[in-house]
Structure formats: C-alpha cells, structure tokens
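Descriptive structure summary
Now for the letters of each chain:
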Amino acid sequence: LDAAVSLQLFLDIMKEGTDKPLSTLQTLTAKAKQYSLLEDKMAEKFIALMQSKGLREVQGEEVALILWRMGLLQYSQSFIELGIDGSLLVVADQILLHDLGMSRRDACCFLYHRDLMAQPRYIDRIDENSECDDCVICWHNSSEKTEDLLEEF
C-alpha cells in the first residue's frame, strides 16, 4: 500500500489511542494483518498475470498491478488515464518516464524492474512464501547489516 496512506493511518490510530497503548497495538496488529492479506492477494494476481501474458500485452488496470510490483503504484492512475499499456511500458525510456511525471529515482526503479520482468524465468524465481534463506541481499535488510556487507567486500 501507499506509504503515505499507511503513515496517515498510523498517525490517526496514535491520536485516538495514546491513552490506551494495548488497544492501539492490537488495532495496529489487526491492520497489519489486513494489509498483509491484501499484499498476498496482489502478489497472486501479479503472478497469474505474468504467467498468462507478457509485459508487452498488459492493458488498463493490469498496468496498475505492474506498477504495484515495481513499488510505483502512485503513478497508476495517470498511466491508466493516459492509456499507457504494455506496448509502451516495454519501450519507455527515462526521458519518456520523466515526461510522464516520474522522478529520476522512480524512472530508474521502473527501468530496473522492467528489465527484470522481461527475463524469461522471472516468474519462476518469484516465491512469495520464501524467507530468502539463501539470499545474501535479503540477509542484509537494515542499514547496519548493509554496512557489514559492504565492509565484508
């Protein structure tokens, strides 16, 4: 979900529940479970989409699902309104993405994920239930651990 929405939800709950910390924690836990289920459903839809179509073939609301997976859901409404489909997604460059309103960082993120999604076995490598036990990058998921990784090499 959008980080701004999540942050606002957290702030709203904290305003309402500061005098009842246990109740607030329970509410946050319930919301986290709800978001987790939503993420699982979105991941299932994404995998099904990528198994049935190539990136070039996505249309309409499917573009939003692609952008969700890339972490760029904030652009989905404008992409849909502009009629951007898979045939444009596969040829878009940084200049076009900038013209569509993306920041340089978001355009680079888009291009990175698009190139990954174009790989023949991309979907085979996605395992949403995996804990990434054998992935060095996944082990280093905090700034401290990343510093340790960089010092190692």
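Look up: the structure comes first, before these words.
Throughout what follows, the structure given in this document is the object of discussion. Residue positions within a chain follow its written sequence, with the count starting from 1. For a predicted model such as this one, the threshold for reporting local features is a pLDDT of at least 70, and the threshold for listing and counting side-chain atom pairs is 80 or more; totals across whole chains, interfaces and linings nevertheless cover every residue. Think of the side-chain values as coming from all heavy atoms in the structure, minus any hydrogens and water.

Within the protein chain, the regular secondary structure consists of 10 helices and zero strands. Listed by position from the N terminus, the elements making up the protein chain come as α-α-α-α-α-α-α-α-α-α. Relative accessibility thresholds used throughout: buried, under 20% of the residue-type maximum; exposed, over 50%; partly exposed, between the two (1.4 Å probe, protein chains only). Counting only residues that meet the buried cut, the protein chain has 27% of its 153 residues in that class. Only heavy atoms matter for contacts: two residues are in contact if any of them lie within 4.5 Å across the pair. Taking contacts inside the protein chain between residues at least 6 apart in sequence as the whole, the part at least 24 apart equals 46%. Surface accessibility follows the Shrake-Rupley procedure with a 1.4 Å probe radius. Residue values consider only the protein chains on display as shielding. About 10800 Å² of surface is accessible on the protein chain, with carbon and sulfur atoms providing 55% of the total. Only DSSP runs of H or I reaching four residues or more are called helices, and only runs of E reaching two or more are called strands; each is numbered from the N terminus.

Axis separation between helix α3 (residues 61-70) and helix α7 (residues 104-117) bottoms out at 10 Å; the angle between their running directions is 105°. Taken together, the axes of α3 and α7 are roughly perpendicular relative to one another. In this structure, α3 uses Ile66, Leu67, Arg69 and Met70 to contact α7, whose residues at the interface are Cys109, Phe110, His113, Arg114 and Met117. A per-class count over the contact of α3 with α7 returns six nonpolar, one polar and two charged. Simply put, an axis is a line fit to the C-alpha atoms, just over the touching stretch for a helix, and the angle between two N-to-C directions goes from 0 to 180 degrees. Here is the rule for angles: anything less than 35 degrees is roughly parallel, anything more than 145 is roughly antiparallel, 65 through 115 is roughly perpendicular, and the remaining ranges are oblique. We call Asp, Glu, Lys and Arg charged. Ala, Val, Leu, Ile, Met, Phe, Trp, Tyr, Cys and Pro are nonpolar, and the rest, Gly among them, are polar.

The term salt bridge refers to a side-chain nitrogen of Lys or Arg lying within 4 Å of a carboxyl oxygen of Asp or Glu. Enumeration over the complete set of coordinates arrives at three salt bridges. For Asp106, the salt bridge identified is with Arg105, shortest N-O distance 2.7 Å. A relative accessible area of 9% places Asp106 in the buried class. In this structure, Asp115 engages Arg114 in a salt bridge whose closest nitrogen and oxygen atoms are separated by 3.7 Å. Residue classification places Arg114 among the buried positions, given a relative accessible area of 12%.

Take α3 next. Within α3, seven of the 10 residues are buried, leaving the element largely enclosed by the surrounding structure. Among all positions of α3, only Val63, Ala64, Leu65, Ile66, Leu67, Trp68 and Met70 are buried. Backbone geometry just downstream of α3 places Gly71 in the positive-phi region, at approximately 80°.

The next subject is the packing of aromatic side chains. Centres within 6.5 Å are what make two rings of Phe, Tyr or Trp a pair, Trp counting through its six-membered ring; a difference in plane orientation under 30 degrees is then read as stacked, over 60 as edge-to-face, and the rest as tilted. Tallying each qualifying case throughout the model produces one aromatic pair. For the ring pair Phe46 and Tyr122, a centre distance of 6.3 Å and an interplane angle of 90° mean the geometry is edge-to-face. Taken together, the positions of Phe46 in helix α2 (residues 21-52) and Tyr122 in helix α8 (residues 122-125) put the pair 76 residues apart, joining distant regions of the chain. Under the relative-accessibility criterion, Phe46 is labelled buried at 0%. Here Tyr122 falls in the buried class, since its relative accessible area comes to 13%.

When two cysteine sulfur atoms lie within 2.5 Å, the pair is treated as a disulfide. All chains considered together, the criterion is met by zero disulfides. Summary of cysteine pairing: Cys108 is not part of a disulfide, and the nearest cysteine sulfur, belonging to Cys109, is at 8.8 Å. You can call Cys108 partly exposed: its relative accessible area is 37%.

A few words on the nonpolar core. To define a nonpolar core, start from buried Ala, Val, Leu, Ile, Met, Phe, Trp, Tyr and Cys residues and group those joined through side-chain atoms within 4.5 Å. One finds Phe46, Ile66, Phe79, Leu89, Leu97 and Phe110 to be the most contacted residues of the largest nonpolar core, which totals 30 residues. Counting only elements with at least two residues in this core, the list comes to α2, α3, α7 and α8. A per-element tally of this core places α3 first, with six residues. Not counting residues within four places of it along the chain, the set of residues in contact with Leu97 comprises Phe79, Ala92, Met102, Ala107, Phe110 and Leu111.

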